[in-house]
Amino acid sequence: MTCLDVVHTTTYRYLQKVSLGAHRLMLRPREKQELRLLSHKLSITPEAAVTWAHDVRGNAVATALFDAPTDHLVIESRVVLKLTAPAWPVFAISASAIQYPFLYSSDEWTDLGSLTASQYTDQDGRLSRWVEGFVMARPTDTLSLLKDICNGVFAQILYAARETEGTQSPVETLDRRTGSCRDFAVLLAEATRMLGLGSRIVSGYLSNPDEGLIGSAGSGSTHAWVEIYLPGAGWIAFDPTNRSVGSQNLIPVAVARDIHQVVPVSGIFSGQPDALSNLGVEVLVRPLTHADLALLG
């Protein structure tokens, strides 16, 4: 068991006062059996009216509305949580899905819907040929196959942090042989969808107390990975950036079909087009001691 303090701060600075439109915030982690929220506090400057809702994917979404013009905006999300995911998880995969290929039930197939459909074009079959290279036989062990594909992304693509917006297509990542964690996640999700499996992108944070993992060096480090649905076991986390399976070091905030649907902070402003002078993001994830927890009450 690990207790963590996660502080995610987004700061906008403007050259002159602007009018802020509605801002959509996806900052509250998704609670599940292996992740329990002990507290969550959202602080916004200037003051905003905040409403909460859940989107179609079950993500907690806050909408912030502002009254007065401002030359800055600071959004801070602070979470205290408990992680209990094991280092070596055992997945209770249904007998019908232990070997690939397998068929989802009609209800599962309907509910998974677009999560089994490719989101990017593969006109010359580049991605299809790449993923088929991991299928040594039919039938084959499902979990071993998925681990091999996840490991293949890690082994064949060089990780490179990228501050710019946007995500490479899977084929671009294969051709360039380099990418960020979000490029790794998109490649893995699309590859497994090629095999007819339900996959979703996850955005969140990486707990890395020993600094031995990739994708969390320095501040501003949100992380992206993939969850793949296997009957019986449910959604299994695969982090191709770190060649890992399971949720031991992962703090999910939002899940979606496509990477653009899990942006932590998005919004608009009215003012001069070049009014935004600076955008800064800082993410701090640290383990809490018993003394820290006592002070938090």
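Quick caveat: nothing in here was measured; it's all calculated off a predicted structure. (Residues numbered from 1 in each chain as written. Predicted model: local features only at pLDDT ≥ 70, side-chain atom pairs only at ≥ 80, totals over all residues. Heavy atoms only, no water.)

Draft legend 1. Looking closely at the pairing of strand β12 (residues 234-239). Most of β12 sits out of view: five of its six residues are buried. For strand β11 (residues 223-230) and β12, the ladder comprises five bridges, and the chain directions are antiparallel. Within β12, the residue paired with Glu227 across the bridge is Ala237. Hairpin connection, β11 to β12: the antiparallel pair is bridged by three residues, and Gly232 has positive phi, about 90 degrees. Pairing geometry for β12 and strand β13 (residues 244-245), over two bridges, is antiparallel. Its bridge partner being in β13, Phe238 is matched across the sheet by Val245. With antiparallel pairing between neighbouring strands as the criterion, β12 and β13 make up a hairpin whose turn holds four residues, including Arg243 at a positive phi of roughly 50 degrees. (Buried < 20%, exposed > 50% of the residue type's maximum accessible area, 1.4 Å probe, protein only. Helix = DSSP H or I, 4+ residues; strand = E, 2+ residues; numbered from the N terminus. Pairing = 2+ DSSP bridges.)

Draft legend 2. Structural context of the pairing of strand β1 (residues 2-25). Pairing between β1 and strand β5 (residues 70-83): 13 bridges, direction antiparallel. Bridging from a neighbouring strand, Cys3 pairs with Lys82 of β5. Relative to strand β16 (residues 276-287), β1 runs antiparallel, the two being bridged by 11 bridges. By the bridge assignment for β16, Val6 is matched with Val285.

Draft legend 3. Quick peek at the nonpolar core. Counting residues in each nonpolar core, the largest one holds 44 residues, and the members touching the most others are Trp130, Ile149, Leu195, Leu197 and Phe238. Every element with two or more residues in this core is listed here: α2 (126-132), α3 (142-156), α4 (170-176), α5 (181-194), β11, β12 and β14 (250-256). With eight residues, the top contributor of residues to this core is α5. Once you skip the residues sitting within four places of it in the chain, Leu197 turns out to touch Tyr100, Phe102, Tyr104, Leu115, Thr116, Leu146, Thr192 and Ile228. Core analysis: the second largest hydrophobic core is formed by 25 residues, Tyr14, Leu20, Phe66 and Ala275 among them. (Core = buried A, V, L, I, M, F, W, Y, C linked by side-chain atoms within 4.5 Å. Contact = heavy atoms within 4.5 Å.)

Draft legend 4. Structural context of the sheet that holds β12. The antiparallel open sheet is built from five strands, whose spatial order is β13-β12-β11-β10-β14. The open sheet has two edge strands with one neighbour each: β13 and β14. Strand direction decides the pairing type here: strand β10 (residues 199-206) and β14, joined by six bridges, are antiparallel. Paired with Gly204 across the bridge in β14 is Pro252. Those strands touched by α5 are β10, β11 and β12, and its axis lies near 15 degrees from that of β11. (Axes fitted to C-alpha atoms, helices over the stretch in contact; angles between N-to-C directions.)

Draft legend 5. Spotlight on unusual backbone geometry. Of the consecutive residues Thr45 and Pro46, the connecting peptide bond is found in the cis state with omega at 5 degrees. Checked against the element boundaries, Pro46 lands in the loop between β2 (35-45) and β3 (49-54). The omega torsion of the bond from Tyr100 to Pro101 falls at 5 degrees, within 30 degrees of zero and hence cis. As for its position among the elements, Pro101 is in the loop between β6 (99-100) and α1 (106-112). Despite not being glycine, Arg177 has its phi angle at roughly 60 degrees, a positive value. By the secondary structure assignment, Arg177 is in the loop between α4 and β9 (178-179). You can call Arg177 partly exposed: its relative accessible area is 36%. With a phi angle near 50 degrees, Arg243 is a residue other than glycine that sits in the positive phi range.

Draft legend 6. Examining α3 more closely. Relative to the 21 Å expected for 15 residues at 1.5 Å per residue, α3 spans 21 Å between its end C-alpha atoms, a close match to the ideal helical length. Looking only at α3, the buried set comprises Thr142, Leu143, Leu145, Leu146, Ile149, Cys150, Gly152 and Val153. Its side-chain oxygen placed 3.4 Å from the backbone nitrogen of Leu143, Asp141 serves as the N-cap of α3. (Expected span 1.5 Å × (residues − 1). Polar contact = N/O pair within 3.5 Å; in protein donor to acceptor, adjacent residues only side chain to side chain.)

Draft legend 7. Looking closely at the packing of aromatic side chains. With the rule as written, the count across this model stands at eight aromatic pairs. For the ring pair Phe102 and Tyr104, a centre distance of 5.3 Å and an interplane angle of 90 degrees mean the geometry is edge-to-face. Taking relative accessible area as the criterion, Phe102 reaches 11% and is therefore assigned buried. Members of the aromatic cluster, joined through ring pairs, are Phe102, Tyr104, Trp109, Tyr229 and Trp235. Above the ring of Trp235, the side-chain terminus of Arg200 is found at 4.0 Å from the ring centroid. (Phe/Tyr/Trp six-rings, centres within 6.5 Å; stacked < 30°, edge-to-face > 60°. Lys NZ or Arg CZ within 6 Å of the ring centre and 35° of its normal.)

Just geometry here; none of it tells us what the structure is for.
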